Amino acid sequence: MSVKEILKDKASSVLSIEEDRNVLEATQMMVGAKVGSLIVTFQGKLVGIFTERDLMRVVAKDHANLDKIKLKDVMTTQLTVAGPDEDVDDILNNMITKRFRHMPVLDGDKIIGLISIGDAVKTKLSKTQAEMHILREYMYGPH
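Residues numbered from 1 in each chain as written. Predicted model: local features only at pLDDT ≥ 70, side-chain atom pairs only at ≥ 80, totals over all residues. Heavy atoms only, no water.

### Brief notes about helix H5 (residues 117-140)
Short version of the rule: Strands here mean DSSP runs of E at least two residues long; helices mean DSSP runs of H or I at least four residues long; both are numbered from the N terminus. A helix is expected to span 1.5 Å for every residue after the first. Exposure classes here rest on a 1.4 Å probe applied to the protein chains alone. A residue is buried below 20% of its type maximum, exposed above 50%, and partly exposed in between. Note on definitions: a residue-residue contact is assigned when non-hydrogen atoms from the two residues lie within 4.5 Å.
With 24 residues, H5 extends 34 Å from end C-alpha to end C-alpha; this agrees with the ideal 34 Å at 1.5 Å per step. Buried within H5 are the following residues: Asp119, Ala120 and Thr123. Against helix H1 (3-8), helix H4 (88-98) and strand E5 (110-116) lie the buried residues of H5. Downstream of H5 by one or two residues, glycine 141 has phi in the positive range, about 85°.

Structural data, given as structure tokens:
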């Protein structure tokens, strides 16, 4: 199963914020949308991601200035991105190995989505359950 199949089942909009916005604005946006990360852009191009982990680092260091700290100074910039045709198993293995939970999806330079480890696990589980159903029917006949 490919990444584009995961994106097909998700909301079509990708939440993003410009890198010159502050941490408080990003946090309010995340809370309002009930998400754990935001794509960070500069003039519409992907430059980073701001996650709950990034927020925790900022709060531990300087919680009184969330409205003054710019995202470009605290976002994660070392990104692993996916393409739309990549296999979910590869994405999941990458997330587990590198210990991160959110992956931007790009088609060329265009941001087309953001998948979470939860999205990948849900897709993997559905695929595994479908395969088990097929194998049971093969072994025991339809029920």
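### What to know about the pairing of E5
Inclusion rule: Any two strands with at least two DSSP bridges between them are considered paired.
Counting buried residues along E5, five of its seven residues qualify, which places the element largely inside the surrounding structure. Two successive antiparallel strands, strand E4 (residues 102-107) and E5, enclose a turn made up of two residues, where glycine 108 displays a positive phi of approximately 70°.

### What about the side chain of threonine 51?
Tracing the backbone through its elements, the reader meets threonine 51 in strand E3 (residues 45-51). Each residue touching threonine 51, except ones within four places of it in the same chain, is listed here: Met30, Gly36, Ser37 and His102.

### Remarks on the UniProt feature "domain: CBS" (unreviewed entry) in the protein chain
This is how the line gets drawn: UniProt positions are given in the numbering used here, feature names are shortened, and annotations may be inferred rather than shown by experiment.
This chain's UniProt record puts "domain: CBS" (unreviewed entry) on residues 6-65 and 75-131. Helix makes up 46% of residues 75-131 and strand makes up 23%, while its end C-alpha atoms are separated by 40 Å.

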